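# Per-entry structural report
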Amino acid sequence: MKKITAAFICMTMILIMAISSFADQADGSKVSTEDQAAADSLNIGSDAEACLDTISELHANGIYVFDTIGLLDEEDKSELEYKLSDIAAETGFDLAVFTTDGYSGASDADDYSDLLYYGADLGTGEDKDGVILVINMDEREAYIYTSGIAIRYITDSMIDYIYDEYEGGIYGMLSDGDYAGACGVFADSMLMAYNEGIASDQTNYNTETGEYDPYVKKGIKPTEVLISLVISLLGGILPITNIKRKYAMKSEKRMAEGFNLAYRANAAYALANTAGAAKLLSKNVTRVPIVVNNNNNKGSGTHGGGVSSVNVGRSGGVHGGGGRKF
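Attention here is on the structure that accompanies the text. (Residues numbered from 1 in each chain as written. Predicted model: local features only at pLDDT ≥ 70, side-chain atom pairs only at ≥ 80, totals over all residues. Heavy atoms only, no water.)

Moving on, we get to the nonpolar core. One finds Leu-84, Val-131 and Ile-144 to be the most contacted residues of the largest nonpolar core, which totals 38 residues. Counting only elements with at least two residues in this core, the list comes to α4 (74-91), β2 (94-100), β3 (130-136), β4 (141-147), α6 (150-153), α7 (156-164), α8 (170-175) and α9 (179-196). Take this core: its biggest share by element is nine residues, from α9. By size, the runner-up hydrophobic cluster in this structure holds 27 residues, among which are Phe-98, Leu-116, Tyr-117 and Leu-122. (Core = buried A, V, L, I, M, F, W, Y, C linked by side-chain atoms within 4.5 Å. Buried < 20%, exposed > 50% of the residue type's maximum accessible area, 1.4 Å probe, protein only. Helix = DSSP H or I, 4+ residues; strand = E, 2+ residues; numbered from the N terminus.)

The next point concerns the packing of aromatic side chains. In the structure shown here, the tally under the stated rule is nine aromatic pairs. On the basis of an interplanar angle of 50° and a centroid distance of 5.1 Å, the ring pair of Tyr-103 and Tyr-112 is categorised as tilted. The class of Tyr-112 is buried, set by a relative accessible area of 0%. An aromatic cluster of three or more residues is present, and its members are Phe-93, Tyr-153 and Tyr-194. The ring of Tyr-171 carries the charged tip of Arg-324 above its face, separated from the ring centre by 5.7 Å. (Phe/Tyr/Trp six-rings, centres within 6.5 Å; stacked < 30°, edge-to-face > 60°. Lys NZ or Arg CZ within 6 Å of the ring centre and 35° of its normal.)

Have a look at this one:
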């Protein structure tokens, strides 16, 4: 009886934990309230440099929204956190949203965004791939900052499309005071840009040096082709040779030769029906056209073709982006 009671208690506890976990996922809660409160209390408008280490730590804990001036309510913030987390996982871009009331320690929106991004060690991989949105209510300005491979996806034309057209455009939403809607559209636009892919005519243009860096799709190296070919040939020839040797049955053929000689001399072939013979000698070829589907937009960069304007930031890394007053 004691064993049954203990088992029942264990199963009840497991069920309670599962229900609790499911509830957390259902309401989009992926971060602790303490971390979210810490992110919102940062004074990045007046002293951004002093907050960089904390931003880095909180972002590592899963914080994507740093609403330091209270533009979003708790429900909107939770939903945005959930959305940014999922889109970041799908695209491979590091994503974040910052709201501020100043550009402390920076000359303009671009320099301030660069300070936050590199100072807080944001970005994924060696090239620090990622995008952030900075909303400054003091200047009434929004800035989309891009880094790494995200520069290739988020070109100048893509940024204009996000500001003006995509799902109504974030510019109009910001002007109307719909800050939650604008942040949500920003998040959705990152997935849209990723799904469209990098346009074949995409190129990075360095506004400081005047140099162009066209996008070159990565291909397979000749050595990789040669190694793959050798492995494929060995993998195909050896089994076929072994099977051919087994099915050749040379010894069996020698044994059968004596039997074949006994009746081969008197063997003959005859077709009783000449019409049937004609049918056997005829052939019928059916040709079926193959339809090629050219409607795949992956890699077309429908809204993101052309130039990505870039410049060298504080850390020496190249970044892109663009801003808009609202």
